[in-house]
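Spelled out, the chains give:
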Amino acid sequence: MTEMLSTGAERLHRRMARGAAFLGCEVAILGGAMSWVSERNLVAAISNAGGFGVIACGAMTPALLDAEIAATKELTSKPFGVNLITMHPHLSALIEVCASHRVGHVVLAGGLPPKGSLEAIKAGGAKVICFAPTLALAKKLIRSGVDALVIEGMEAGGHIGPVSTSVLAQEMLPEIAEAVPVFVAGGIGRGEAIAGYLDMGAAGVQLGTRFVCATESIAHANFKRAFIRASARDAVASVQIDPRLPVIPVRALKNAGGELFTAKQREVAQSLDEGAVAMAEAQLAIEHYWAGALRRAVIDGDVEHGSVMAGQSVGMVTQEEPAQAIIATLMAEAAQALERRAA
């Protein structure tokens, strides 16, 4: 068994080498950036365990992000990244904060990077990682100079696209994996899946849901309990009720909060009808709603009315354990899978 693991571990190490070298860490596993959850404690724990922690900036002000990066540096000397939302009104100031701290990697989420943002991040000395929901967009991003891509399927928690991880991986990896390192995300809960995506050409993976119940995660005990109890089918996507409101669906555990969101959409749509708000303002109102609903669940523990964002891999989260144990388990499973394939 030990011999089997060691040969499998060597194979895994080789397949992860490109992603790990790009991130500057031992294991090519990115922590998915989850608002309120991916803060200094969890980020540092993932990086200290050999993975790559990523701070979720979300709706933070530049001053808050500045403090969060500084606090994370107190907890780890290993590399970590920062996830910025492209629609943040103070994006350029946030990029400056990352540069002032010499953050090595900035992950841009939520749509095409605004003009000048890629150049600004690179000027600050960081590498840029973007999300690519389609092959055409992936190629466009590569042409525009991004350093790496994340392809994330609809099984993921939080904001999601319409296509599954396995389909995106099959369609995109053969076309783009040689050009830049590609990290696969969405619904990954075990090492066997990691091994499969590495075999298909991925440089690494990104996991969020699997780390929510890490001992170091500050998520409320109620939030963690909801994850441990949930099965895959409890993580459902929100429904868009008005075609004029291009609401990106959000995957979360079924609860009364989902119904509250439907009511919120009706209210915003009515304001649009009455001309009380402009479209951009309406969309921002929806985003603010999510930020507040997520905070209620993660921080205050109101898992009934708050938003318990979770990916479909939530059924594979069965206990609270240190980030190091989570990564060690995933790596052992992946090594065994690669060993079995070679046999």
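What counts and what doesn't
Residues numbered from 1 in each chain as written. Predicted model: local features only at pLDDT ≥ 70, side-chain atom pairs only at ≥ 80, totals over all residues. Heavy atoms only, no water. Axes fitted to C-alpha atoms, helices over the stretch in contact; angles between N-to-C directions. Helix = DSSP H or I, 4+ residues; strand = E, 2+ residues; numbered from the N terminus. Parallel < 35°, antiparallel > 145°, perpendicular 65-115°, else oblique. Left-handed = near helix turned anticlockwise from the far one by under 90°. Contact = heavy atoms within 4.5 Å. Nonpolar A, V, L, I, M, F, W, Y, C, P; charged D, E, K, R; others polar. Buried < 20%, exposed > 50% of the residue type's maximum accessible area, 1.4 Å probe, protein only. 1 Å grid on protein atoms, 1.4 Å probe; cavity = no way out; pocket = protein on both sides within 12 Å on 5 of 7 lines; lining within 4 Å. Points joined across faces, edges and corners; volume = space filled by probe spheres on them. Pairing = 2+ DSSP bridges. Salt bridge = Lys/Arg side-chain N within 4 Å of Asp/Glu carboxyl O.

J.: Go over the packing of helix 3 (residues 62-75) against helix 4 (residues 91-100), please, and point to the residues and values.
T.: The interhelical angle for the contact between helix 3 and helix 4, taken along N-to-C directions, is 20 degrees, at an axis separation of 9 Å. In terms of axis orientation, helix 3 runs roughly parallel to helix 4. Like other packed secondary-structure pairs, helix 3 and helix 4 cross with a definite hand, here right-handed. Here helix 3 contributes Pro62, Leu65, Asp66 and Ile69 to the contact with helix 4, which in turn contributes Ala93, Leu94, Val97 and Cys98. Its residues assigned to classes, the contact of helix 3 with helix 4 shows seven nonpolar, no polar and one charged.

J.: Which residues make up unusual backbone geometry, and what are the values?
T.: Despite not being glycine, Trp36 shows a phi value in the positive range, around 70 degrees. Looking at where Trp36 falls in the secondary structure, it is placed in the loop between strand 1 (29-31) and helix 2 (40-48). Judged by its relative accessible area of 35%, Trp36 falls in the partly exposed class. For Arg102, which is not a glycine, the phi torsion comes out positive at approximately 55 degrees.

J.: How would you summarise the layout of surface pockets if you had to cite specific residues and measurements?
T.: Of the volumes computed, that of the second largest pocket is approximately 250 Å³. Within the residue set of the lining of the second largest pocket, elements represented by two or more residues are strand 10 (235-237), strand 11 (250-253), helix 10 (256-273) and helix 11 (279-298). In terms of residues, the lining of the second largest pocket owes the most to one element, helix 10, which gives five residues. When grouped by side-chain class, the residues that make up the lining of the second largest pocket number eleven nonpolar, seven polar and two charged.

J.: Account for the sheet that holds strand 11, with residues named and values stated.
T.: Taken together, the three strands give an open sheet; going across it, the order is 7-11-10, and neighbouring strands pair in antiparallel fashion. Unpaired on one side and paired on the other, strand 7 (158-159) and strand 10 mark the two borders of the sheet. Relative to strand 11, strand 10 runs antiparallel, the two sharing three bridges. Considered in strand 11, the bridge of Ala235 is made with Leu253.

J.: Hey, could you go over the pattern of salt bridges for me, with residue numbers and the actual values?
T.: What the rule picks out here adds up to 13 salt bridges. The salt bridge involving Arg15 is made with Asp199; its shortest N-O contact spans 2.6 Å. Taken together, the residues span a long stretch of sequence, with Arg15 in helix 1 (residues 2-23) and Asp199 in helix 8 (residues 191-199) at a distance of 184 residues. Judged by its relative accessible area of 30%, Arg15 is partly exposed. You can call Asp199 partly exposed: its relative accessible area is 36%. Shared partners join several salt bridges into a network, and the residues in it are Arg15, Asp199 and Arg341.

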